[in-house]
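Commentary on secondary and tertiary structure
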Amino acid sequence: MNIQETYTSLGLSDFEYDRILELMGRPPNYLELSLFSVMWSEHCGYKNSRPLLRRFPNTGPRVLQGPGENAGVIEVGEGWALAFKMESHNHPSAVEPYEGAATGVGGIIRDVIAMGARPVALLNALRFGPLDDERNRYLFREVVRGIGGYGNAIGVPTVGGEVEFSPAYSGNPLVNAMCVGLIRADEVVRAKAEAGEGNLVVLFGAKTGRDGIHGATFASDELTEESEAKRSNVQVGDPFAGKMLIECSLRLLERNLLVALQDLGAAGIASSASEMAARGGVGIELDAEKVPLREEGMEAWEVVISESQERMLAVVEPEKADEVLKVCERYELDAAVVGRVTSHGELRVFDNGEPIGSVPAEALADAPVYEREVRRPAYLDGAHRFDPDALPEPDDYNEVLLRMLAHPNLCSRASVYEQYDSEVGSDTVVRPGADAAVLRIKGTKLGFAVTADVSGRHCYLDPRGGGAAAVAEAYRNLSCVGAEPVALTDCLNFGSPEKPDGYYGLSECVDGMAEACEVLGTPVVSGNVSLFNETERGAIYPTPAVGMVGVFEDVSRHATPGFKREGDMVVHLGDYRPTLAGSDYLEIVHGKVAGKPEQPRLPREKEYADLVKSLVAEGIVDTAHDVSGGGLAVALAEMSITGGIGMTFDRVEVEPMLSGRRGDQALFGECGGHFVVAVPEERWDALQEALGGVPYDQIGRTGGDRLDVPGLLDVAVDDLRAAHERDLFEQHAPEGGHLG
Amino acid sequence: MKNALKVRVLVRPKRGILDPQGEAVKRALPALGFSGVGAVHIGRLIELEVESADEVEGMCRRLLANPTTEEYEWEVVS
């Protein structure tokens, strides 16, 4: 392999290689090139997205740590804080879905540990191709198994998430994992190697093997093709070692034995060390021969870039090193002093004293930045051409509603989340299935809520509006359970930025999200970018997953969507301007992805959502639901199904709801910014008083065993439930070998 | 089944891949006083009765083993 082939195979461009030559003043060797390859990748270096990410607001009164660290941190109160981040594991999950998803969960947990926080909640945002395809069913089943397999065993509850199916994700599934950790605000650890010269670098956790080394063929000429086929580069998660890593890291921090802590991700020890060095403005020297190994015959360069899981890197004062190693032994983890902090500002790697690589840490951290060309994609005009009046109007809305509730994108997610332990740790107050998960903070009245949201279809039809809508929906979901939305993490899943019309989606989505973040007051405190999500069929939908966290002063004051009592007054709150453009109804019933969805009206979104939040926090409302996919009919059906109580729409309210609209538009049309709440009659006065100038209508009452909208719908709740409680795994997915 | 062939399939983790089960056993053995254990790898043994061995290779690839992470070998034992 010549040098150009080598750097090309590592994903570096001619331009980037020239820049490396300039920075180094000499040709890099393979190890050095590998480091640049990883540190200048999108995942670490944000070379295509950095100028866009600057558009996000990232400060706020509760923000203790914004982007740039292993995770963002926000303050809850009483000295408590939450660290959280979302990250993609799309490609590994496409190759080996079980381990890809499992190591995605493990990786995001380690990011949170690196901040010194105890992981207390996991969420995930998933996308697959349609389930009528065997390969998609296999990927879906194995990803869910992998999330459960790792998360359940490590003892962190999986409390929420979202999953959608669309042909846009066939062959390119999205697996985004989010973790929230709890920490005392004054104990947030920064991953800086700040305490300078003379401090030691300790590697602890699992042993290092040849996992995830792409260059294996390059340097190992002795490997024949046959032996290569027998070797696997797939990273395998070990949740039991991961659990030890959590406990060990927290014990080391609690005993004040560490100066800095960093998790190991892509390109292993070398990249973690260089990140620490760059952040701290120091140098680090590593001794490859001191790294505990799982297999024999590993080359030094393999050792330092291996991506073996369940490992952390720490900076330790020399006099504390023995104590650190002793604590690691207590947790049955391998640990060794593998290097030292120096003042020369370089990452230097040695093998038995021989220098085998040396790179300025600053150069690694200074990835080139590309301002890509932006061009509005041609498909948008065609997709926006949409005439709702040309749609045949269904004559039986009961049948339509049942069909929608049974669709994989709207049906109950119970068959997924029932495979997850959502209660381990005993702090889960509201389990999966509500608008957001709610957790308490033991020993206080405080709590927090988390949700993950985005509509890829919306972002495809209108990237700017869809980006804003994702943030707004997360904001509504948190408000519905009664939490004050504080900040978010994101995972930007897009196609190639090198195609101007693909970059348009990224740029527009980011603009829409940034605007929503500004107006709603929810800064972005951490995140991740995953680009080049394309197959021969084209790019995925633009999918900027949003993971938002909100806080409770009193977690006992929360709401859920299910109707609670017979005779409650059901109130619609907010703007009712449903459209079929870009709706679930249009895709499910008419097979069309078309039209331009309604633009979010952000200031009103905030006004209404904040009102719903205060209604819950003041104890006026305990039943609230955000109206989103599937429109008002699906929202009411979900409230009936989860509550086991029917609802009758007030006859006189049907006419204003229709007011010139077709039945399908009124029932299934979508727009942001509206809610349904239910209150017992004795709180009706309090509710009206609290509502102030916000538009609202009392639309009916709970009771009975049917959902009845006179003239439009009349279905038994049992039938709704039977349709909704669909098992997403009902079809066998035989592909792949998984007897293990 | 008449004239059934007995097939034995041995599945084990590919070389170089992390084998958490093997690692756990390797850690546990010395704890019980068994010294001198170098490496432990855990796979599985599958016995099948089939009419013909023609499809065994396909069974291995598609279900019995996970070719991304595991290697397998099989033989007709009787």
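Residues numbered from 1 in each chain as written. Chains lettered and ligands numbered in written order. Predicted model: local features only at pLDDT ≥ 70, side-chain atom pairs only at ≥ 80, totals over all residues.

What follows is about the overall build of chain A. Counting secondary structure elements, chain A contains 28 helices and 28 strands. By its C-alpha atoms, chain A is 85 × 55 × 45 Å across when sized along the principal axes. For chain A, the residues scored as buried account for 57% of the 740 residues in total. Within chain A, counting contacts between residues at least 6 apart in sequence, those at least 24 apart form 84% of the total. (Helix = DSSP H or I, 4+ residues; strand = E, 2+ residues; numbered from the N terminus. Buried ≥ 20, exposed ≤ 12 C-beta atoms within 10 Å, placed from the backbone. Contact = placed C-beta atoms within 7 Å.)

Residues and elements named next belong to chain A. Under the UniProt annotation, the feature "binding site: Mg(2+) 2" (unreviewed entry) is placed at Asp 111 and Asp 263. These annotated residues cover 153 residues of sequence, and their C-alpha atoms all fall within 6.0 Å of one another, placing them together at a single site. Relative to the helices and strands, Asp 111 is located in helix H7 (residues 97-114). Classification of Asp 111 as buried rests on a count of 27 C-beta atoms within 10 Å. Apart from the residues lying within four places of it in its own chain, the contact partners of Asp 111 are Asn 70, Ala 71, Lys 85, Glu 87, Cys 179 and Asp 263. Take Asp 263: it is sitting in strand E8 (residues 260-263). The class of Asp 263 is buried, set by 26 C-beta atoms lying within 10 Å. Residues contacting Asp 263, with those up to four places away along its chain left out, are Asn 70, Arg 110, Asp 111, Ile 113, Ala 114 and Met 312. (UniProt positions renumbered as here; feature names shortened; annotations may be inferred.)

To continue, consider H7(A). Residues and elements named next belong to chain A. Over its 18 residues, H7 runs 26 Å from end to end, which matches the ideal 26 Å to within 8%, given 1.5 Å per residue. Most of H7 is tucked away, with 18 of its 18 residues classed as buried. Where H7 terminates, the next one or two residues include Gly 116, which has phi positive at roughly 90°. (Expected span 1.5 Å × (residues − 1).)

Okay, the UniProt feature "domain: PurM-like C-terminal" (unreviewed entry) in chain A next. Those residues carrying the UniProt feature "domain: PurM-like C-terminal" (unreviewed entry) are residues 197-350 and 565-705 of chain A in this numbering. The span residues 565-705 of chain A is 41% helix and 18% strand, and its two end C-alpha atoms sit 12 Å from each other.

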